[in-house]
2 protein chains.
Amino acid sequence: MMQHQNPVEDAFHIRKLEISDKEKGFIELLRQLTVCDSVSDEKFNERFEEIANYGDDHRICVIEDVRSGKIVATGSVFIEKKFVRNCGKAGHIEDVVVDSSARGLQLGKRIVEYLADHAHSMGCYKVILDCTEENRPFYEKCGFKKKEIQMVKYFV
Amino acid sequence: MMQHQNPVEDAFHIRKLEISDKEKGFIELLRQLTVCDSVSDEKFNERFEEIANYGDDHRICVIEDVRSGKIVATGSVFIEKKFVRNCGKAGHIEDVVVDSSARGLQLGKRIVEYLADHAHSMGCYKVILDCTEENRPFYEKCGFKKKEIQMVKYFV
C-alpha cells in the first residue's frame with residue numbers, strides 16, 4: 001500500500017545548513033530573531049567553516065520552502081562535553097526562529113525535535129535552551145519543562 | 001612601594017584545569033554539584049583531551065587550596081560561534097561549584113569573574129548561565145541580570 005505523503009513535509013525540507021543557504025535568505029531570517037547586520041560572503045564562509053570543524057558537535061538545521069527556495073526556519077544545537085554525570089554530554093539549543101510568513105505550520109516544532117533528536121543521538125543526557133516566558137507553552141509541547149532561570153552579562 | 005599581598009589569593013591559586021587535578025579531588029568536588037560517579041583514569045584522560053582539543057573555546061578553571069593541595073572550586077565556560085550578532089560569539093558558563101568547606105571566601109566570585117573575563121577576551125558579546133532563583137543574588141553580585149527562563153528535556 002502506498003503511503004500518503006504529508007503535503008507540509010513535501011513542501012518544507014529539513015536538513016543541515018549548507019554554505020549556499022546565505023543566498024536563500026538565511027541571514028534575513030536570523031534578523032527576525034535578533035540583531036544581525038549584513039554579513040559579507042567572506043565572513044559568512046569563515047564562520048561556516050569554523051562551525052563545520054566541530055562536526056556533529058555543532059549542528060545548524062534549516063527548513064527550506066521547496067517552492068520558493070527560501071530558508072524559512074532554523075535552529076542550532078551544540079554538544080557540550082562535561083565531567084559531571086559520569087563524563088556526560090549536554091545539548092544546548094540556540095537561535096530557533098521561524099519566518100513570520102510561515103508560522104502555524106509546526107515548522108518550529110520540527111526544528112526543535114530535529115535538534116533534540118540530534119542531541120539524543122550524540123549521547124547527551126539532556127538538552128537545554130533558554131526562552132521567554134511567552135514561548136514556554138511552545139517548548140512544553142516539544143517535551144521540555146521549566147527548570148532554572150537564565151542570567152546574562154553583556155559586554156557590548 | 002611593595003604591594004600588600006592578599007592572603008586569600010596567596011592561599012588559593014586560580015588556574016586552568018590540569019590533568020593531574022583528578023588526584024586533587026576534582027571529581028569529588030563536582031559530586032557536590034550533581035550526579036558524578038567514580039570516573040576511571042582512562043575515561044577522565046579521554047574527556048580531558050577532548051575538551052583540550054577545543055583550545056580556548058572551552059576553558060575549565062579550578063582553584064587549588066595551596067596548603068592542602070586540594071581543588072576547592074571550579075567552573076567552565078565554552079565559546080559558542082554564532083551567525084547572529086554579526087557572526088558573534090556567546091560564552092556559556094557551566095558547572096560552577098565551591099567546596100562546602102571553603103564557602104564565604106569569595107572563591108565562587110573569583111571563578112565566575114575568571115570565566116566571564118575569558119569569554120570577554122575571546123570576543124564574546126555576552127556570557128550566559130542558568131541557575132536557581134536561590135543563586136540569583138550571587139550572580140547579580142557578579143554583574144549578571146536575569147533574562148529568560150531555562151527549559152530542559154532529559155533523555156535519561
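Refer to the preceding data block for the structure.
Residues numbered from 1 in each chain as written. Chains lettered and ligands numbered in written order. Predicted model: local features only at pLDDT ≥ 70, side-chain atom pairs only at ≥ 80, totals over all residues. Heavy atoms only, no water.

Caption draft 1: Expanded view of the relation of the copies chain B and chain A. When chain B is fitted to chain A, the best match, at an RMSD of 0.0 Å, comes from turning it 180° and sliding it 0.0 Å along the axis. Here the two chains are linked by the operation of a two-fold rotation axis. Proximity to the rotation axis, assessed at the C-alpha, singles out Ile149(B) in chain B; its C-alpha lies 2.2 Å from the axis. (Least-squares fit on C-alpha atoms with pLDDT ≥ 70 in both.)

Caption draft 2: Quick look at the environment of Val97(B). Counting through the fold element by element, Val97(B) comes out in strand S4 (residues 89–98). Expressed as a C-alpha distance, the spacing of Val97(B) and Leu29(B), which sit 68 residues apart in the sequence, is 7.4 Å. (Helix = DSSP H or I, 4+ residues; strand = E, 2+ residues; numbered from the N terminus.)

Caption draft 3: Examining the interface of chain B and chain A more closely. Chain B puts 65 residues into the contact, and the matching count from chain A is 65 residues. Summing both sides of the interface, chain B and chain A together bury roughly 6400 Å²; the carbon and sulfur share of this comes to 60%. Its largest share of buried area at the contact with chain A, chain B owes to Phe83(B), Met151(B) and Phe155(B), together 14% of the area lost on that side. Remark: the boundary between chain B and chain A carries four salt bridges. Between Asp95(B) and Lys82(A) there is a salt bridge, with its nearest N and O atoms 2.9 Å apart. Linking chain B to chain A there are 35 residue pairs in polar contact (both at pLDDT 80 or more). Residue contributions to the side of chain B that touches chain A peak at ten residues, all from strand S6 (residues 145–154) of chain B. Here strand S6 (residues 145–154) of chain A runs beside strand S5 (residues 126–131) of chain B; their pairing, made up of six bridges, is antiparallel. Note that in S5(B) the partner of Ile149(A) across the bridge is Cys131(B). (Contact = heavy atoms within 4.5 Å. Buried area = accessible area lost by both parts, 1.4 Å probe. Salt bridge = Lys/Arg side-chain N within 4 Å of Asp/Glu carboxyl O. Polar contact = N/O pair within 3.5 Å; in protein donor to acceptor, adjacent residues only side chain to side chain. Pairing = 2+ DSSP bridges.)

Caption draft 4: Local environment of the nonpolar core. The biggest cluster of nonpolar side chains holds 29 residues, and the ones touching the most others in it are Ile93(A), Leu107(A), Val127(A), Tyr139(A) and Phe144(A). Looking at this core, the elements with two or more residues in it are strand S2 (58–65), strand S3 (70–81), strand S4 (89–98), helix H5 (107–121) and strand S5 (126–131) of chain A together with S6 of chain B. When residues of this core are assigned to their parent elements, the largest contribution, six residues, is made by H5(A). Leaving out residues up to four positions away in the same chain, Tyr139(A) has contacts with Val96(A), Val112(A), Leu129(A), Cys131(A), Phe144(A) and Met151(B). Among the nonpolar cores identified, the runner-up in size contains 28 residues, and Val77(B), Val98(B), Cys131(B) and Tyr139(B) belong to it. (Core = buried A, V, L, I, M, F, W, Y, C linked by side-chain atoms within 4.5 Å. Buried < 20%, exposed > 50% of the residue type's maximum accessible area, 1.4 Å probe, protein only.)

Caption draft 5: Spatial organisation of the packing of aromatic side chains. Counted under the stated rule, the structure contains 14 aromatic pairs over all chains. Ring geometry for Phe26(A) versus Phe83(B): centroids 5.4 Å apart, planes at 90°, classification edge-to-face. Highlighted residues: Phe26(A) in helix H2 (residues 26–30) and Phe83(B) in the loop between strand S3 (70–81) and helix H4 (84–87), drawn from two different chains. Of the two residues examined, Phe26(A) and Phe83(B), each falls in the buried class. The structure contains a cluster of three or more aromatic residues connected by ring pairs, namely Phe26(A), Phe44(A), Phe48(A) and Phe83(B). (Phe/Tyr/Trp six-rings, centres within 6.5 Å; stacked < 30°, edge-to-face > 60°.)

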